[in-house]
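# Structure assessment
Spelled out, the chains give:
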Amino acid sequence: MVKQVRPRNESGKELTLTFHEKRRGKPPRHVADLGREERRALLQEMGFPAFRADQISRHYFAHRTVDPADMTDLPEDGREQLVGALVPTLMEKVSEQFADGGRTLKVLWKLYDGVVVESVLMAYPDRATLCLSSQAGCGMACPFCATGQAGLTRNLSAAEIIEQLRLNMKLAESGALGESTRITNVVFMGMGEPLANYRAVQQSLHRMIKPVPEGFGMSARNITVSTVGLVPAIEKLAAENLPVTLAVSLHAPDDGLRDDLIPINSRYKVGELLDAARLYYVKTGRRVSIEYALIRDMNDHKWRAELLAAELNSRGKGWAHVNPIPLNPTPGSIWTASTNSATRSFVDTLVERGISTTVRDTRGSDIDGACGQLAAEVVDRDNVARRAKKAQQAVEARLAQHREEPKDFADQLATMRS
Ligand code: SAH
């Protein structure tokens, strides 16, 4: 079943967002889809002692291996079949591209059914971050994002998400980025809307955080889930007791413009979204990241920085951190990144109002590996380009009314302050 919602934008045009994939086959069963008890029960069902599940899990999560030859603590007789049944191959590397002097690596993975996704690994002096995909494609249709213009192909399973991490850990640890590197951070900022694939993402978070043999034992605070703003799912995540960092892709502080830039805003408005983000902070104690792609003469006006600061400050101090990101080029885009001076002024306006702000670097933009660029190789580039251009032109046609500072702006700000 394909579940779609059709919010209307201001001009009354219907927008179609896709929340559920078309029914497809399932990826093969894999230990990373199961919790520890489920794995033990499965092995018992298969006629093996339950502790074999822990042995295989330890190989998988601690040693990152699925090779029966490495698993010498398992009886040789039947080892291959057992391992093949529990940790089957879920994806294969199709290609890899390096950038930033070998410190960024984008990998294209082919899944069991031929669908492809991308991940991006980035090494920094003090950490290494994996940007992974939660869906093949994305149903959220943001006009400035190549993945969004490609549409949703399907959700990934928890194990498909976790396999991206394990395979990248192996690559990093074996020196793909220069020296042997441990992945310390994970961001769900690759292809897809993680909160539209809630259950698999939640399961994958458990596998990342729980200690060996249940999972990789990563620190929850080093994991970031980024969302376009699915308010009920943010509230659900806040109640999970999983203190991961939440990032909200805001991109505009006013509904007029955000309705056009982020179609789901027709359903969940800026105010509700920021309330949910604030609730997330209160429940988890984790400061929320506000992502803001700076698009030239679109959302980079000083008054919008003032409004953003007022919206954040009206909900309390120090609970959010703003990450402006200069817009990355995508196929067919008629929009470009803000000028340096507009970027500086936007940042200064926020900082002067007490909002902590860091401009995000755009790693991997020359290999289409940066925010919003994933998918370029995955799908028909011309089609994506055509669609993006059309979507952006439609926004442009309605834009005049959103560029100017609203007439009652000073009053609006004053009301928020009081
Ligand atoms: N769907 C989730 C996860 C994707 S994360 C989300 O929207 O948060 C990718 C981030 O890059 C999001 O903040 C997205 O809005 C941003 N992005 C998309 N296209 C971009 C572009 N062309 N330039 C810069 N950032 C972009």
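All values derive from a computational prediction rather than experimental measurement. (Residues numbered from 1 in each chain as written. Predicted model: local features only at pLDDT ≥ 70, side-chain atom pairs only at ≥ 80, totals over all residues.)

### A word on the overall build of the protein
Per the secondary structure count, the protein includes 14 helices and 14 strands. Over its C-alpha trace the protein gives a radius of gyration of 22 Å, about what one expects of a compact globule, namely 22 Å for 418 residues. Overall, the protein is about 80 × 45 × 45 Å in size when its C-alpha atoms are taken along their principal axes. The burial tally for the protein puts 48% of its 418 residues in the buried class. Sequence separation of 24 or more characterises 68% of the internal contacts of the protein that already satisfy a separation of 6 or more. (Helix = DSSP H or I, 4+ residues; strand = E, 2+ residues; numbered from the N terminus. Rg over C-alpha atoms; globule rule 2.2 N^0.38 Å. Buried ≥ 20, exposed ≤ 12 C-beta atoms within 10 Å, placed from the backbone. Contact = placed C-beta atoms within 7 Å.)

### Notes on the site of the ligand
Every one of the 18 residues lining the ligand counts as a neighbour, but Cys145, Ser226, Ser249, Cys371 and Gly372 are closest to it. Put simply, the parts of the chain that give the shell around the ligand at least two residues each are strand 10 (223-227) and strand 12 (288-294). (Near = placed C-beta within 6 Å.)

### A look at the packing of helix 10 (residues 302-313) against helix 14 (residues 409-417)
Across the interface, helix 10 lies against helix 14 with an axial gap of 10 Å and an inter-helix angle of 20 degrees. Between helix 10 and helix 14, the crossing angle belongs to the class labelled roughly parallel. Remark: the crossing between helix 10 and helix 14 carries left-handed chirality. Each of Trp303, Glu306 and Ala310 in helix 10 lies in contact with helix 14, whose residues at this interface are Phe409, Leu413, Met416 and Arg417. Looking at the contact of helix 10 with helix 14 residue by residue, the class counts come to five nonpolar, no polar and two charged. (Axes fitted to C-alpha atoms, helices over the stretch in contact; angles between N-to-C directions. Parallel < 35°, antiparallel > 145°, perpendicular 65-115°, else oblique. Left-handed = near helix turned anticlockwise from the far one by under 90°. Nonpolar A, V, L, I, M, F, W, Y, C, P; charged D, E, K, R; others polar.)

### Digging into the environment of Ala136
Looking at the secondary structure, you find Ala136 in strand 7 (residues 135-137). What Ala136 contacts, discounting residues up to four positions off in sequence, is Val115, Val116, Val117, Thr153, Arg154, Leu156 and Met191.

### What to know about the UniProt feature "binding site: S-adenosyl-L-methionine" (unreviewed entry) in the protein
The UniProt record marks Gly192, Glu193, Ser226, Ser249, Leu250, His251 and Asn328 with the feature "binding site: S-adenosyl-L-methionine" (unreviewed entry), using the residue numbering of this structure. You can see Ser226 is positioned in strand 10. Given 22 C-beta atoms within a 10 Å radius, Ser226 is considered buried. Among all residues touching Ser226, those that are not within four sequence positions of it are Val187, Phe188, Met189, Pro194, Ala247, Ser249 and Glu291. (UniProt positions renumbered as here; feature names shortened; annotations may be inferred.)

### Details of the UniProt feature "domain: Radical SAM core" (unreviewed entry) in the protein
Per the UniProt record, the feature "domain: Radical SAM core" (unreviewed entry) sits at residues 124-366. In this annotation, residues 124-366 is assigned 36% helix and 17% strand; the end-to-end C-alpha distance for the span is 18 Å.

### A few points about helix 7 (residues 231-238)
Residues of helix 7 that are buried include every one of Ala233, Ile234 and Leu237, and no others. Angular distribution of buried residues about the axis of helix 7 spans 105 degrees; they occupy a single face of the element. Next to the buried residues of helix 7 lie helix 6 (198-209), strand 10, strand 11 (245-249) and helix 9 (270-284). (Arc of directions from axis to C-beta.)

### Let's talk about the sheet that holds strand 4 (residues 104-111)
The strand order across the open sheet built from ten strands is 3-4-5-6-9-10-11-12-13-14, with neighbouring strands paired in mixed fashion. Two strands lie at the open edges of the sheet, namely strand 3 (91-99) and strand 14 (356-357), each paired on one side alone. Here strand 3 runs beside strand 4; their pairing, made up of eight bridges, is antiparallel. Looking at strand 4, one finds that Gln97 is bridged to Lys106. With respect to the sheet, helix 5 (residues 158-173) is in contact with strand 3, strand 4, strand 5 (116-123), strand 6 (128-131) and strand 9 (185-188), its orientation differing from that of strand 5 by roughly 40 degrees. (Pairing = 2+ DSSP bridges.)

### A closer look at the nonpolar core
Residues Ile234 and Ala277 are the most contacted members of the largest nonpolar core, which totals 116 residues. At nine residues, the largest contribution of residues to this core is made by helix 5. The contacts of Ile234, once residues within four sequence positions are left out, are Leu195, Thr227, Leu246, Ala276, Ala277 and Tyr280. (Core = buried A, V, L, I, M, F, W, Y, C linked by C-beta atoms within 7 Å.)

### So, the environment of Pro253
By the element assignment, Pro253 lies in the loop between strand 11 and helix 8 (255-261). Along the primary structure Pro253 and Gly178 are separated by 75 residues, whereas in three dimensions their C-alpha atoms are 41 Å apart. Dropping the residues within four chain positions of it, Pro253 is found in contact with Val270, Arg304, Leu307, Leu308 and Glu311.

### With respect to unusual backbone geometry
Omega for the peptide link from Val212 to Pro213 comes to 10 degrees, which places this bond in the cis form. Along the chain, Pro213 turns up in the loop between helix 6 and strand 10. Of note, His251 is a non-glycine position whose phi angle comes to about 65 degrees, a positive value. Its location among the elements puts His251 in the loop between strand 11 and helix 8. You can call His251 buried: it has 25 C-beta atoms within 10 Å.

### Quick word on helix 2 (residues 51-61)
Of the residues making up helix 2, those classed as buried are Arg52, Ala53, Ile56, Ser57, His59, Tyr60 and Phe61. Check the buried side of helix 2 and you find it contacts helix 1 (36-45) and helix 3 (79-86).

### So, the pairing of strand 12
Of all the seven residues making up strand 12, six are buried; the element is thus mostly covered by neighbouring parts of the structure. As paired elements, strand 11 and strand 12 share three bridges and run parallel to each other. Directly across from Ser249, in strand 12, lies its bridge partner Glu291. Bridge count between strand 12 and strand 13 (residues 320-326): seven bridges; the pairing is parallel. If you follow Ser289 over to strand 13, its bridge partner there is His321. Each parallel crossover has a hand, and the one from strand 12 via helix 10 to strand 13 is right-handed. (Right-handed = clockwise from strand over helix to strand, strands pointing away.)

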